[in-house]
Amino acid sequence: MMIIESSLQGKYNDASRCEDALFISDDGVAVIDGATAKAHTVRHQTTPGKMAAQRIKAALHDCIGSADPFALLRTLNNAVAQLPFDSPPYHVPPHGEF
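Residues numbered from 1 in each chain as written. Predicted model: local features only at pLDDT ≥ 70, side-chain atom pairs only at ≥ 80, totals over all residues. Heavy atoms only, no water.

### Digging into the pairing of strand E2 (residues 28-33)
When strand E1 (residues 20-25) meets E2, the two strands line up antiparallel, connected through six bridges. Note on E2: the bridge partner recorded for Ala21 is Ile32. Between E1 and the antiparallel strand that follows it, E2, lie two residues. (Pairing = 2+ DSSP bridges. Helix = DSSP H or I, 4+ residues; strand = E, 2+ residues; numbered from the N terminus.)

Here you go:
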């Protein structure tokens, strides 16, 4: 596969706030939508949507070339299910902080 160009544009001009990701490898490509959090909670300056996108991208690196489709979906679901969405140190920043 030959990638001619790629682009990733979040809703904000600040790329560090983008909750989406691109996965590109010799075995496949994926566009990952990190799902914007409605509660604006953050953990270590990372929103849950960004954490999910990062975890899915890492899981793809581990399994994209060797997994059957059902194993791939199980791996991706497990990667997100293991995120600590309900444990500290989440906080809700003041409006406009993040």
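### Examining the side chain of Lys50
Locating Lys50 in the fold gives a position in helix H1 (residues 48-63). Buried charge without a salt bridge: Lys50, with Asp14 as the nearest opposite-charge side chain at an N-O distance of 7.3 Å. Not counting residues within four places of it along the chain, the set of residues in contact with Lys50 comprises Ala15, Ser16, Arg17, Cys18, Glu19 and Gly34. (Buried < 20%, exposed > 50% of the residue type's maximum accessible area, 1.4 Å probe, protein only. Lys, Arg positive; Asp, Glu negative; His and termini not counted. Salt bridge = Lys/Arg side-chain N within 4 Å of Asp/Glu carboxyl O. Contact = heavy atoms within 4.5 Å.)

### Some remarks on helix H2 (residues 69-81)
Helical geometry note: an α-helix holds 3.6 residues per turn, so side chains three or four residues apart project in the same direction. For H2, with 13 residues, the first-to-last C-alpha span of 18 Å sits near the 18 Å given by 1.5 Å per residue. Taken together, the buried positions of H2 are Ala71, Leu72, Leu76 and Ala79. Mapping the buried residues of H2 onto a view down its axis gives an arc of 135°, with all of them on the same face. Exposed and facing more than 90 degrees away from the buried side of H2 are Phe70, Leu73, Asn77 and Ala81. The distance from a side-chain oxygen at the start of H2 to the backbone nitrogen of Phe70 is 2.9 Å, and the residue carrying that oxygen is Asp68. (Expected span 1.5 Å × (residues − 1). Arc of directions from axis to C-beta. Polar contact = N/O pair within 3.5 Å; in protein donor to acceptor, adjacent residues only side chain to side chain.)

### Looking at a nonpolar patch on the surface
Judged by side-chain polarity, Met1, Ile3, Ile24 and Val29 come together as a nonpolar surface patch covering roughly 390 Å² of accessible area. On the accessibility criterion, Ile3 (39% relative accessible area) is partly exposed. (Patch = residues over 30% accessible without salt bridge, like charges linked within 9 Å, V, L, I, M, F, W, Y side chains within 5 Å. Areas by Shrake-Rupley, 256 points an atom, 1.4 Å probe, with all protein chains shown as cover.)

### Considerations on the nonpolar core
Counting 11 residues, the largest nonpolar core is built from Ala21, Phe23, Ile32, Ala53, Ile56, Ala59, Leu60, Cys63, Leu72, Leu76 and Ala79. Looking at this core, the elements that each hand over two or more residues are E1, H1 and H2. Residue contributions to this core peak at five residues, all from H1. Setting aside residues up to four positions removed in sequence, Ala21 forms contacts with Leu8, Ala30, Val31, Ile32, Ala53 and Lys57. (Core = buried A, V, L, I, M, F, W, Y, C linked by side-chain atoms within 4.5 Å.)

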